[in-house]
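Letter by letter, the chains look like this.
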Amino acid sequence: MANQNQNQEAAVLSFVNRKREDALSSLSGHAISPKICEDDLADVISFFQHFSDAVDTSPAFSALRDAAQTVRKAVYGDRVFFRGLIEFTNYCKNDCYYCGIGRHVEGVHRYRLSTEEILACFRNGRKLGYHSFVLQGGEDPFFTDDRMCDMITSLRKEFPSEAITLSIGERSHESYQRMFDAGADRYLLRHESASEEHYAMLHPRDMLLSNRKACLYDLKRIGYQVGAGFMVGSPFQTAGNLAEDLRFLIELSPQMVGIGPFIPSSGTRFSAFPTGSLTMTLVMIALTRILLPTTLIPSTTALGTIDPVGREKGFSYGANVVMPNLSPVSVRADYALYDNKICITDDASKCQKCLTTRILQSGNLPDFSRGDHVCFSDDRNKDEATNK
């Protein structure tokens, strides 16, 4: 058994080192084959799952962490980019089985922010130095294309140079095009699971993975900087599912990938399931970093929820984005995607100072520029202040 474990670790070390060198070579302009055997990926993920208790002693974990750090720094240096998050509606037409603001979850106090309230959040963010904002909400039918485009137009008029990211779910190609034309730059839409079978275990029958994927490809064709992603440790998830997620991300080649642990939410059918593993979330962040070296990867609030220094650990495994909340404190508790979410009572200034300190103490540099993906970068990123 000991020899078998050593052989498995040797194979994982070889995989990690090979992908690290591939990533660095690709950054130097050398062509690298993106093809990866899904079975190989599943074996690597299975190894880390099986030996997750050895995170502080296993050479494989150290090699993966160091590889992710090296690749991140080769692309983005020590910078950690700030995005100001505004959760503007918690109404949603869907009933995702894991989500605390699903249509039929009882006891949710519903709210919508007006355009003026959203503008106030943007103004506050700009005073704090932000140049990148994320508008996130449930799939709320109230926010028609006309309403969204009017809102984006108003924001773009007052904030002509700032990055505007949307995260409002599945819509038509025409809808995405109209919002892009109105001034939106980026769009976040987690695919949640690249396995048809697993996706169906997490969602009702009227929600299809094929439609989610079609939306992501529509967004890319239109010209958005696109973000996909998934939860780690969601109910019924296997190493093979996670390998499928990575294969899909390689195929999609998004500019952003959001990866966080599954955290159960009261009132959902998954409320009694265990929280996803911190270690495996970090592993999946690191694997994403070495397989998609230029991707922007957030160290999520969910990581900080399950571990007091979870976000700092995320940086050490290749993450380089944070998304502090700019929403009015009065509504933050109502946007409860999962239980025990941190920072819901901190005002925006306090949250920014806290994260800035954490980033500096982790040996990284806070960056308040637009923080575009390297393939979309222009001189604006160089002109913006990188430290408050």
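Look up a bit, the structure's there.
What you see is a predicted model; the values in this text were computed from it and never measured.

**Notes on the nonpolar core**
(1) Moving on: Ranked by internal contacts, the top residues of the largest apolar core, which has 105 residues, are Phe-48, Phe-88, Leu-135, Met-179 and Leu-287.
(2) Moving on: If one sorts the elements of this core by residue count, helix H10 (residues 278–291) sits on top with 10 residues.
(3) Moving on: With nine residues, the next largest nonpolar core counts Val-75, Leu-85, Leu-188 and Val-321 among its residues.

**Observations concerning the pattern of salt bridges**
(1) Moving on: Counting across every chain of the model gives 22 salt bridges.
(2) Moving on: Between Glu-158 and Arg-123 there is a salt bridge; the shortest N-O distance is 2.8 Å. In this pair, Glu-158 sits in helix H5 (residues 145–158) while Arg-123 sits in helix H4 (residues 115–127), placing the two residues 35 residues apart along the sequence.
(3) Moving on: Among the residues examined, Glu-158 registers a relative accessible area of 36% and is labelled partly exposed.
(4) Moving on: Across the pair Arg-171 and Asp-145 runs a salt bridge whose closest N-O atoms are separated by 2.9 Å. Taken as a pair, Arg-171 in the loop between strand E4 (163–167) and helix H6 (173–182) and Asp-145 in helix H5 lie far apart in primary sequence, 26 residues in all.

**Observations regarding the sheet that holds strand E6 (residues 225–232)**
(1) Moving on: Strands sit in the order E2-E3-E4-E5-E6-E7 across an open sheet of six strands; the sheet is parallel. If you trace the sheet from one side to the other, it starts and ends with strand E2 (84–89) and strand E7 (256–261), each paired once. Along the sheet, successive strands turn relative to each other by an average axial angle of 20°, direction set aside.
(2) Moving on: Here five bridges tie E2 to strand E3 (residues 132–137), and the two strands are oriented parallel to one another. Pairing of Ile-86 across the sheet is with Leu-135, part of E3.
(3) Moving on: The strands touched by H5 within the sheet are E2, E3 and E4, with E4 carrying the most contacts at an inclination of about 160°.

Rules used throughout
Residues numbered from 1 in each chain as written. Predicted model: local features only at pLDDT ≥ 70, side-chain atom pairs only at ≥ 80, totals over all residues. Heavy atoms only, no water. Core = buried A, V, L, I, M, F, W, Y, C linked by side-chain atoms within 4.5 Å. Buried < 20%, exposed > 50% of the residue type's maximum accessible area, 1.4 Å probe, protein only. Helix = DSSP H or I, 4+ residues; strand = E, 2+ residues; numbered from the N terminus. Salt bridge = Lys/Arg side-chain N within 4 Å of Asp/Glu carboxyl O. Pairing = 2+ DSSP bridges. Axes fitted to C-alpha atoms, helices over the stretch in contact; angles between N-to-C directions. Contact = heavy atoms within 4.5 Å.

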